[in-house]
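Take a look at the letters that make up each chain.
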Amino acid sequence: MSTTTLEQPPAAEAAIQSFTVTFLIRRFDPDVDTEPRWQDFDVEMYATDRVLDALHKIKWEQDGSLTFRRSCAHGICGSDAMRINGRNRLACKTLIKDLDISKPIYVEAIKGLPLEKDLVVDMEPFFASYREVQPFLIANSKPESGKERVQSIAKREIFDDTTKCILCAACTSSCPVFWTDGQYFGPAAIVNAHRFIFDDRDDAANVRLDILNDKEGVWRCRTTFNCTDACPRGIEVTKAIAEVKQAIMRGKP
């Protein structure tokens with residue numbers, strides 16, 4: 001007589017462990033504060049949570065007055081750039097497991113732009129520089145009727161890196177020259193000028209090079225690589241600035 005052994009169901013998987021993380025957030029309410037102040041919050045987190053998740057929990061569960069920007073939450077819109085443990089990052093791309101949670105996590109607004117409230121800064125000076133470099137295609141000729149402006153793969157590769165900018169201001173607000181000189185165009189504006197200066201479909205490269213040859217243009221860059229380190233898209237910002245300098249010296253891209 002044969003017997004059949006019934007398989008035992010697998011043991012229940014161990015519950016995913018949560019832990020408490022302390023966040024020190026630099027707060028500022030212009031209606032109340034004369035200077036920014038630090039405030040601590042203890043938040044229950046998981047390793048795969050992001051800093052943005054922590055900010056949401058604080059706002060929704062502890063202090064509804066906490067103010068910050070965010071939109072897509074997927075590292076594309078660039079809205080939630082802030083300083084996390086002294087480094088410019090996107091809150092939505094910074095995982096808790098990549099931070100040292102044995103110590104408090106410091107979160108503050110990016111530097112060099114006017115502070116409005118908590119983690120929100122006035123982005124207008126940043127976008128004013130961006131607009132000034134004319135970040136759009138300027139072509140003197142029209143394409144053939146019903147045709148697109150054809151470009152080779154090799155020509156596209158020349159400026160492909162600088163098309164990735166999401167205008168988060170992480171690079172510009174990490175630049176020590178920008179912190180001390182409110183007139184400097186800043187890395188992001190130069191990156192976006194680079195994108196069109198080296199586009200062979202564009203006819204206004206020399207106009208942009210003249211703009212960036214100004215005393216507050218590319219020559220203010222001190223090549224510290226802060227901007228490259230801060231870019232959440234991995235753009236070689238310092239390299240792009242160097243290429244614009246070379247184009248100015250040559251007189252054309």
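Residue indices begin from 1 for each chain and proceed along its sequence in written order. In view of the model being predicted, local features appear only for residues whose pLDDT reaches at least 70, and side-chain atom pairs are presented and counted only at 80 or more, with totals across whole chains, interfaces and linings using the full set of residues. With hydrogens and water excluded, all non-hydrogen atoms of the structure serve as input to the side-chain values.

1. Regarding the environment of Ser-141
Right, so step 1: The helix count covers DSSP runs of H or I at least four residues long, the strand count covers runs of E at least two residues long, and both are numbered beginning at the N terminus. On the secondary structure map, Ser-141 appears in the loop between helix H2 (124–132) and helix H3 (153–159).
Right, so step 2: Think of it in three bands: residues with accessible area under 20% of the maximum for their type are buried, residues over 50% are exposed, and the middle band is partly exposed, with areas taken using a 1.4 Å probe on protein chains only. Judged by its relative accessible area of 43%, Ser-141 falls in the partly exposed class.
Right, so step 3: Here the alpha-carbon distance between Ser-141 and Leu-24, two residues 117 residues apart in the chain, equals 55 Å.
Right, so step 4: Leave out the neighbours within four places in its chain, and Ser-141 touches Arg-149 and Asp-203. In this analysis, two residues are considered to be in contact whenever any of their non-hydrogen atoms come within 4.5 Å of each other.

2. Details of the environment of Phe-23
Right, so step 1: With respect to the element layout, Phe-23 can be found in strand E1 (residues 19–27).
Right, so step 2: On the basis of relative accessible area, Phe-23 is assigned to the buried category, the value being 0%.
Right, so step 3: Measuring from C-alpha to C-alpha, the distance between Phe-23 and Glu-35 comes to 19 Å, with 12 residues separating the pair along the chain.

3. Quick look at the sheet that holds E1
Right, so step 1: A pair of strands is treated as paired once DSSP finds two or more bridges between them. Judged by pairing direction, the sheet is mixed, and its 5 strands sit side by side in the order E2-E1-E5-E3-E4 without closing on themselves. The two strands at the open ends of the sheet, each matched to only one other strand, are strand E2 (37–45) and strand E4 (87–90). Here the average twist between neighbouring strands, direction ignored, is 35°.
Right, so step 2: In this sheet, E4 lies alongside strand E3 (residues 81–84) in antiparallel orientation, the contact comprising 4 bridges. By the bridge assignment, Met-82 is partnered in E4 with Arg-89. Between N-to-C directions, angles span 0 to 180 degrees; the directions come from axes that are lines fitted to C-alpha atoms, helices contributing only their stretch in contact.

4. Side note on the packing of aromatic side chains
Right, so step 1: Each aromatic pair joins two rings of Phe, Tyr and Trp (for Trp, the six-membered one) with centres within 6.5 Å, and gets the label stacked for planes under 30 degrees apart, edge-to-face for over 60, and tilted for any other angle. Within the structure shown, the criterion is met by 3 aromatic pairs.
Right, so step 2: Ring centres 5.4 Å apart and planes at 80° place the aromatic pair Trp-38 and Tyr-106 in the edge-to-face group. Remark: Tyr-106 occurs in strand E5 (residues 105–108) and Trp-38 occurs in strand E2; sequence separation between them is 68 residues.
Right, so step 3: Seen in terms of ring centroids, Phe-127 and Tyr-130 are 6.4 Å apart; in terms of plane orientation they differ by 80°. Their pairing is edge-to-face. Taken as a pair, Phe-127 and Tyr-130 lie in helix H2 at a separation of 3 residues, close to a single helical turn.
Right, so step 4: Connected via pairs of aromatic rings, a cluster forms that spans Phe-126, Phe-127 and Tyr-130.
Right, so step 5: A cation sits over an aromatic face here: Lys-111 above Trp-179, 3.8 Å from the ring centre.
Right, so step 6: A positively charged side chain is recorded as over a ring if its NZ (Lys) or CZ (Arg) lies within 6 Å of the ring centre. The angle to the ring normal must also be within 35 degrees. Looking at Arg-195, its charged tip hangs above the ring of Phe-196, at a distance of 4.1 Å from the centre.

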